[in-house]
Amino acid sequence: MKDAMSIRRLFSTYDKANHSTIYIIVKAILLFIVLSICVRIFMGICYSLLPSDMTCDVSTPAEERTINGIKSFSIRAWGAVVVIGPMMEELAYRLWLSMKKIHVAISSAFFLYYILGFVLAGDVQNRMTTAVISAILSLSVALLVYHLVSEDSLQNIKNNNTVYPFVVLSGCIIFALAHLTNYLICPSVLLWALVSCLPQLVGGISMSYLRINVGFLFGLLFHCVINLLSCCMTIL
């Protein structure tokens, strides 16, 4: 059991080669549930131990609008959270796990688009201008990555049982930390904000496992279902 849940085993194609798709999906669901429970318990302990002024997360205006849209059953808000958001995040954070050059280039474009959108949002008031600038720069970097990166070097990384799991886990951590942008972070709440990203780390690990073993679409569907359940819990 310990070996079955190790990082090396989890982020490899061992289960793909030795087990059925149903087994892999069930394992991903159980992994997500068990880790989520552990994380929620840990968060509850941290919340009770930390001073109240260190646990007062404040959502950004954009995040507040999204939450209000979910509660008011806005089709736009639900579509963004349940479909568009997961699709873009999977393209940015997990498509590249195949270590195919074209996938790495596409993920690079979407990841940079996220970063530029966040950085330029405060300086460029026109949303269309921000989107165009981000898209041009992202596509340029994607083309550069595609022409500079070697397919053989990427496959060497994937075939390395020590390096590849570490790279995948690093991607999961980056995915989790990216959700810090949902909050107005100040030094006093930074520790709690980092703890609050643990559920996203759990999701990233589960979806990476699915992506590696049964493909991109399964990870995307899993992501959509998780966000759908989160939306349903928001309106309760």
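Look up: the structure comes first, before these words.
Here's what I pulled together on the structure shown here.

**With respect to the overall build of the chain**
- If you tally the helices and strands in the chain, you get twelve helices and zero strands.
- For the chain, the C-alpha radius of gyration of 19 Å lies close to 18 Å, the compact-globule estimate for 236 residues.
- For the chain, the spread of C-alpha atoms along the three principal axes comes to 45 × 45 × 35 Å.
- A sequence separation of at least 24 residues applies to 74% of the contacts in the chain between residues at least 6 apart.
- Element-wise, carbon and sulfur atoms account for 71% of the exposed surface of the chain, whose accessible area totals about 13,400 Å².

**Some details on the nonpolar core**
- In this structure, Phe11 and Val168 are the most contacted members of the largest nonpolar core, which totals 33 residues.
- Put simply, the parts of the chain that give this core at least two residues each are helix H3 (21–49), helix H5 (75–93), helix H9 (163–177), helix H10 (190–196), helix H11 (198–214) and helix H12 (216–235).
- Once you skip the residues sitting within four places of it in the chain, phenylalanine 11 turns out to touch Tyr164, Pro165, Val168, Leu169, Cys172, Ile205, Ser208, Tyr209 and Ile212.
- Counting six residues, the second-largest nonpolar core is a separate cluster that includes Trp78, Val81, Val82 and Cys231.

**Some points on the pattern of salt bridges**
- Tallied over the entire structure, the rule returns three salt bridges.
- For the salt bridge of aspartate 15 with lysine 27, the shortest nitrogen-to-oxygen distance reads 2.8 Å. Placement of aspartate 15 in helix H2 (residues 14–18) and of lysine 27 in helix H3 is noted, with a sequence separation of twelve residues between them.
- Overall, lysine 27 belongs to the buried group, its relative accessible area being 9%.
- Its salt-bridge partner being arginine 94, residue glutamate 90 comes within 2.8 Å of it at the nearest N-O pair.
- Given a relative accessible area of 0%, glutamate 90 falls into the buried group.
- Arginine 94 sits in the buried class, given a relative accessible area of 0%.

**A look at the packing of H9 against H11**
- Close contact between H9 and H11 brings their axes to 8 Å; oriented N to C, the two are set at 135°. By the angle class used here, H9 and H11 are oblique. H11 is crossed by H9, and the crossing has right-handed handedness. Side by side, H9 and H11 meet where Tyr164, Val168, Leu169, Cys172, Ile173, Phe175 and Ala176 of the first sit next to Gln200, Leu201, Gly204, Ile205, Met207, Ser208 and Ile212 of the second.
- Looking at the contact of H9 with H11, its residues break down into eleven nonpolar, three polar and no charged.

**Structural notes on H11**
- Look at H11: 24 Å from first C-alpha to last across 17 residues, which is about the 24 Å you get at 1.5 Å a residue.
- Across the 17 residues of H11, 14 count as buried, placing the element largely inside the fold.
- Just past H11, the residue glycine 215 takes up positive phi, approximately 110°.

**What to know about unusual backbone geometry**
- In this structure, phenylalanine 73 takes a positive phi of about 60° despite not being glycine.
- Along the chain, the position of phenylalanine 73 falls in the loop between helix H4 (61–71) and H5.
- One non-glycine residue, methionine 99, lies in the positive phi region at around 60°.
- Within the secondary structure, methionine 99 sits in the loop between H5 and helix H6 (101–120).
- Given the relative accessible area of 4%, methionine 99 is considered buried.

**A short note on the environment of threonine 130**
- Summarising the element assignment, threonine 130 is placed in helix H7 (residues 127–148).
- The buried category is assigned to threonine 130, whose relative accessible area is 9%.
- Distance from threonine 130 to phenylalanine 118, taken between C-alpha atoms, is 9.5 Å for residues twelve residues apart in sequence.

Each value, and the rule that gives it
- Residues numbered from 1 in each chain as written.
- Predicted model: local features only at pLDDT ≥ 70, side-chain atom pairs only at ≥ 80, totals over all residues.
- Heavy atoms only, no water.
- Helix = DSSP H or I, 4+ residues; strand = E, 2+ residues; numbered from the N terminus.
- Rg over C-alpha atoms; globule rule 2.2 N^0.38 Å.
- Contact = heavy atoms within 4.5 Å.
- Areas by Shrake-Rupley, 256 points an atom, 1.4 Å probe, with all protein chains shown as cover.
- Core = buried A, V, L, I, M, F, W, Y, C linked by side-chain atoms within 4.5 Å.
- Buried < 20%, exposed > 50% of the residue type's maximum accessible area, 1.4 Å probe, protein only.
- Salt bridge = Lys/Arg side-chain N within 4 Å of Asp/Glu carboxyl O.
- Axes fitted to C-alpha atoms, helices over the stretch in contact; angles between N-to-C directions.
- Parallel < 35°, antiparallel > 145°, perpendicular 65-115°, else oblique.
- Left-handed = near helix turned anticlockwise from the far one by under 90°.
- Nonpolar A, V, L, I, M, F, W, Y, C, P; charged D, E, K, R; others polar.
- Expected span 1.5 Å × (residues − 1).

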